[in-house]
Amino acid sequence: MRATVLVRPKPGILDPEGQAVEGSLRHLGFDVAETRVGRLVDVELATEDRAEALAELERMCEQLLTNPLIESYTIELGPT
Amino acid sequence: MSIPAPVIPVLVFPGSNDDRDAQRALELLGAESPRVWHTDERLPAATAAVVLPGGFSYGDYLRCGAIARFSPVMQAVSAFAADGGLVLGICNGFQILTEAGLLPGALRPNDSLSFVCRDVAVRVETSESAFTSRCDHGRELTIPVKHGDGCWFADDALLEELDANGQIALRYADGANPNGSVGDVAGVLNRDGNVFGLMPHPEHAVDALLGSTDGALILGSLVDAARLSAAVPV
């Protein structure tokens, strides 16, 4: 099963990369209030069981894919 | 009676690049500092302190220090620290220690998004630690930084707690913060005071030929403490 993990800097965490992108978008004339930049991790799992995949992905996020102090995550499970 | 040199190994991860500088600086200050490869599961016999050097372990992939913390040698370092062993993390070593949960806070990209590489002034906030005992309280030291991800973060509650416990051992001097760290924090201790991490590189400031020798005050403090802990087996 394929899954995508989206990792975001938590609200209130300084995100200079997001600010730089935001400035650039404004410079191009886009009316942007805020931009935050995170990270995307595509994972191909052996299991086809959605519940099992979700539990495993959550463990991956807690142990390695995110730093819970500064980042939040959402998991998107692909079609089986 | 001659006092044997305290054994202070320097860890080497794939991508570490300040390990030899750290080794040389520690040996200059009277330690015996073997370099220890990250796959070793044990620290050398008679280890009195451990140094995690600067560099770019695992290419800084994912987050700086995030992958190195799972190295076999880090399990030994965690156990050593839990027993009260002295552990110093410099730059990438600091990042690894925060990722490993051995030090509070996290290190994020510099607010400027630029790599900074220059001397900075830092203020010693406590001389009551194994890593700053050779410094006077409030003294300013000149030590170089060279990092892209040195913006230390803690939320207000955590920062307040660390401040109250005297865990903020080193701050950038007024107006000298090179990376946007909250509270101008340059170096932080764990609660028990046996683990310390800092972004500046004391190992690059031990020889007058290269400028400041203030880094020797930090590393020399560690060598002193290591010598004491080696003399009194736990």
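Preceding this paragraph is the structure being described.
Residues numbered from 1 in each chain as written. Chains lettered and ligands numbered in written order. Predicted model: local features only at pLDDT ≥ 70, side-chain atom pairs only at ≥ 80, totals over all residues.

Chemist: Looking at this structure, I do not really get the overall build of chain B. What am I missing?
Modeler: When you go through chain B residue by residue, the secondary structure sums to five helices and 11 strands. A globule of 234 residues ought to have a C-alpha radius of gyration of about 17 Å, and chain B, at 16 Å, matches this closely. Each principal axis of the C-alpha distribution contributes one length, and for chain B these read about 50 × 35 × 35 Å. Scored against the burial criterion, the 234 residues of chain B give a buried share of 56%. For chain B, the proportion of contacts with a sequence separation of at least 24, taken over those separated by at least 6, is 74%. (Helix = DSSP H or I, 4+ residues; strand = E, 2+ residues; numbered from the N terminus. Rg over C-alpha atoms; globule rule 2.2 N^0.38 Å. Buried ≥ 20, exposed ≤ 12 C-beta atoms within 10 Å, placed from the backbone. Contact = placed C-beta atoms within 7 Å.)

Chemist: What exactly am I supposed to notice about the overall build of chain A here?
Modeler: Across its full length, chain A holds two helices and three strands. Reading chain A from its N terminus to its C terminus gives the helix and strand order β-α-β-α-β. Here the C-alpha radius of gyration of chain A, 16 Å, is well above what a compact globule of 80 residues would show, namely 12 Å. In terms of overall dimensions, chain A has a C-alpha envelope of 45 × 25 × 15 Å along the principal axes. Of all 80 residues assigned to chain A, the portion counted as buried reaches 10%.

Chemist: Before we go on, may I ask you to explain the interface of chain A and chain B in this structure?
Modeler: Facing nine residues of chain A, the contacting portion of chain B comprises 11 residues. Considering every element that reaches the side of chain A that touches chain B, the biggest residue donor is helix H1 (residues 16-27) of chain A, with three residues. Looking at the side of chain A that touches chain B residue by residue, the class counts come to seven nonpolar, one polar and one charged. (Nonpolar A, V, L, I, M, F, W, Y, C, P; charged D, E, K, R; others polar.)

Chemist: Is there a simple way to think about the sheet that holds strand S1 (residues 2-9) of chain A in this case?
Modeler: Hydrogen bonds along the backbone pair up the strands of a sheet, which may run parallel or antiparallel. Residues and elements named next belong to chain A. Taken together, three strands build an open sheet; the order of strands is S2-S1-S3 and the sheet is antiparallel. At either margin of the open sheet sits one strand with a lone partner, and together these are strand S2 (39-44) and strand S3 (71-77). Looking at each pair of strands side by side, their axes are set apart by 20° on average, direction ignored. Here six bridges tie S1 to S2, and the two strands are oriented antiparallel to one another. Bridge pairing links valine 7 to arginine 39 in S2. Of the strands in this sheet, S1, S2 and S3 are in contact with helix H2 (residues 50-65), which crosses S3 at around 155°. (Pairing = 2+ DSSP bridges. Axes fitted to C-alpha atoms, helices over the stretch in contact; angles between N-to-C directions.)

Chemist: Is there a simple way to think about the environment of B:Ile67 in this case?
Modeler: Residue and element names in this part refer to chain B. Within the secondary structure, isoleucine 67 sits in the loop between strand S3 (49-52) and helix H2 (72-82). Residue isoleucine 67 is classed as buried on the basis of its C-beta count, with 20 C-beta atoms lying within 10 Å. C-alpha of isoleucine 67 to C-alpha of valine 145: the two residues are 78 residues apart in sequence and 23 Å apart in space. If near-sequence neighbours (up to four positions away) are discounted, isoleucine 67 is found in contact with Ser57, Tyr58, Tyr61 and Leu62.

Chemist: How should the environment of A:Arg26 be read in this particular structure?
Modeler: Residue and element names in this part refer to chain A. Along the chain, arginine 26 turns up in helix H1. Overall, arginine 26 belongs to the partly exposed group, with 13 C-beta atoms counted inside 10 Å. Arginine 26 sits 36 residues away from glutamate 62 along the chain, and the two C-alpha atoms are 35 Å apart.

Chemist: Is there a simple way to think about the nonpolar core in this case?
Modeler: All names here are of chain B. With 76 residues, the main nonpolar core has Leu26, Val51, Leu88, Leu219, Leu222 and Ala226 as its most contacted residues. Ranked by the residues each element gives to this core, the list is headed by helix H5 (residues 215-231), at eight residues. With residues near it in sequence (within four places) discarded, leucine 222 still touches Ala49, Leu86, Leu88, Ala130 and Phe131. (Core = buried A, V, L, I, M, F, W, Y, C linked by C-beta atoms within 7 Å.)

Chemist: Any chance you could explain unusual backbone geometry here in plain terms?
Modeler: Glycine aside, the phi torsion of most residues is negative, and most peptide linkages are trans. All names here are of chain B. In this model, tyrosine 58 sits at a positive phi of 50°, which is unusual for a non-glycine residue. Along the chain, tyrosine 58 turns up in the loop between S3 and H2. The buried category is assigned to tyrosine 58, around which 22 C-beta atoms lie within 10 Å.

Chemist: Would you explain the pairing of strand S11 (residues 195-198) of chain B in this entry?
Modeler: Each regular strand shows side chains that alternate between the opposite faces of the sheet. All names here are of chain B. Going residue by residue along S11, you find Val195 and Gly197 tucked away on one face and Phe196 and Leu198 tucked away on the opposite face as well. Note that strand S10 (residues 185-189) and S11 share three bridges and pair antiparallel. In the strand pairing of S11, valine 188 is matched with glycine 197. With antiparallel pairing between neighbouring strands as the criterion, S10 and S11 make up a hairpin whose turn holds five residues, including glycine 193 at a positive phi of roughly 80°.

Chemist: Explain the pairing of S1(A) here, please?
Modeler: With seven bridges connecting them, S1(A) and S3(A) associate as antiparallel partners. Residue A:Pro9 lies in a different strand from S3(A), and its bridge partner there is A:Glu71.

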